[in-house]
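Inside the fold
Chain by chain, the residues run as shown.
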Amino acid sequence: LSLHDALPIFVEAPNPERFVTGIAGKCDFSIVTVSKKGLSGAVGTLRAILEVFENNSIPVAHTPSGIDCISLAMPTEALTPNQYSLLDELRSEIRPDSIQINDHIAVIAVVGRKMAFRVGTSGKIFAALGKAGINIRMISTSEIKISVLINEEDSEKAVKAIHEEFFNA
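Everything quoted here is computed from the prediction, not taken from an experiment.

Reading the values: the criteria
- Residues numbered from 1 in each chain as written.
- Predicted model: local features only at pLDDT ≥ 70, side-chain atom pairs only at ≥ 80, totals over all residues.
- Heavy atoms only, no water.
- Helix = DSSP H or I, 4+ residues; strand = E, 2+ residues; numbered from the N terminus.
- Contact = heavy atoms within 4.5 Å.
- Core = buried A, V, L, I, M, F, W, Y, C linked by side-chain atoms within 4.5 Å.
- Buried < 20%, exposed > 50% of the residue type's maximum accessible area, 1.4 Å probe, protein only.
- Pairing = 2+ DSSP bridges.
- Axes fitted to C-alpha atoms, helices over the stretch in contact; angles between N-to-C directions.
- Parallel < 35°, antiparallel > 145°, perpendicular 65-115°, else oblique.
- Left-handed = near helix turned anticlockwise from the far one by under 90°.
- Nonpolar A, V, L, I, M, F, W, Y, C, P; charged D, E, K, R; others polar.
- Expected span 1.5 Å × (residues − 1).
- Arc of directions from axis to C-beta.

With respect to the helices and strands, the residue N102 is situated in strand 5 (residues 98-112). Each residue touching N102, except ones within four places of it in the same chain, is listed here: F29, S30, I31 and R137.

Structure representation (structure tokens):
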């Protein structure tokens, strides 16, 4: 299967003793970044932003935030038909300093057991991607996965690099 077919792929670890158990990936995502001075300290702003996405029937898959900005990742097919109404409503409700949209994004997830408690796992992922010349656009984590959002054109190369790091080392 190709990631460009927007179908998830999964590679199981050949050794059940490994804490990383697989890699999953999917293409056809977009990132909307909303920037506004004071955003991170404003009560209710995140809820208001998410409400605008809900009003426009756009599901949000990932929401990493920074100081004075928040990036939201969603399937491009959900964003495209609602993009202009979303932008109008964000400008009206949030009054951001800027809004940026990036298309052609892939989500690559490294999954496993209790990954949040394994020192160095994210470092190995990031190093493997860096060595392969792949830029990470966003990072999202949980106890059982570390997801990176990257340019779609690098998706297959990323899966191979991460697979090499954890399964062929």
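What follows concerns the nonpolar core. Nonpolar side chains in soluble globular proteins tend to end up buried together. Counting residues in hydrophobic clusters, the biggest one holds 19 residues, and the most contacted among them are I108, I125, L129, I150 and I162. Sorting the residues of this core by element identifies strand 2 (20-35), strand 5, helix 4 (121-131), strand 7 (145-151) and helix 5 (155-167) as the ones contributing at least two each. Here this core takes 5 residues from helix 5, the largest share from any one element. Counting residues in hydrophobic clusters, the runner-up holds 15 residues, among them V32, L39, I58 and A78.

This paragraph deals with the pairing of strand 7. Of all the 7 residues making up strand 7, 5 are buried; the element is thus mostly covered by neighbouring parts of the structure. With 7 bridges connecting them, strand 5 and strand 7 associate as antiparallel partners. Paired with V111 across the two strands is K145, which belongs to strand 7. In this structure, strand 6 (residues 136-141) lies alongside strand 7, joined through 5 bridges in antiparallel fashion. Each residue of the ladder has a partner; that of T141, found in strand 7, is I146. Following strand 6, the chain reverses through 3 residues before pairing antiparallel with strand 7.

What follows is about the packing of helix 4 against helix 5. The N-to-C vectors of helix 4 and helix 5 enclose an angle of 130°; their axes lie 9 Å apart at closest approach. Classified by the interaxial angle, the pair formed by helix 4 and helix 5 is oblique. Crossing geometry of helix 4 relative to helix 5 is assigned as right-handed. Note on element contacts: helix 5 touches helix 4 through A158, A161, I162, E165 and F166, opposite T121, K124, I125, A128 and L129. Split by residue class, the contact of helix 4 with helix 5 holds 7 nonpolar, 1 polar and 2 charged.

Moving on, we come to the packing of helix 1 (residues 45-55) against helix 3 (residues 83-94). Contact geometry for helix 1 and helix 3: axes closest at 10 Å, N-to-C directions at 155°. Taken together, the axes of helix 1 and helix 3 lie roughly antiparallel to each other. Relative to helix 3, the crossing made by helix 1 is right-handed. In this structure, helix 1 contributes T45, A48, I49, V52, F53 and N55 to the contact, and helix 3 contributes L86, E89, L90, E93 and I94. Looking at the contact of helix 1 with helix 3 residue by residue, the classes come out as 7 nonpolar, 2 polar and 2 charged.

Mapped onto the elements of the fold, I31 is located in strand 2. Here the alpha-carbon distance between I31 and I101, two residues 70 residues apart in the chain, equals 5.6 Å. Not counting residues within four places of it along the chain, the set of residues in contact with I31 comprises S71, L72, A73, Q100, I101, N102, I105, R137, M138 and L149.

Attention now moves to helix 3. In a regular helix each residue adds 1.5 Å, so 12 residues correspond to 16 Å; helix 3 covers 16 Å between its end C-alpha atoms and thus fits that length. Three or more residues of helix 3 are buried, namely Q83, L86, L87, L90 and I94. End-on, the buried residues of helix 3 take up no more than an arc of 100°, which puts them together on one face. In helix 3, the exposed positions that point more than 90 degrees away from the buried face belong to Y84, D88 and E93.

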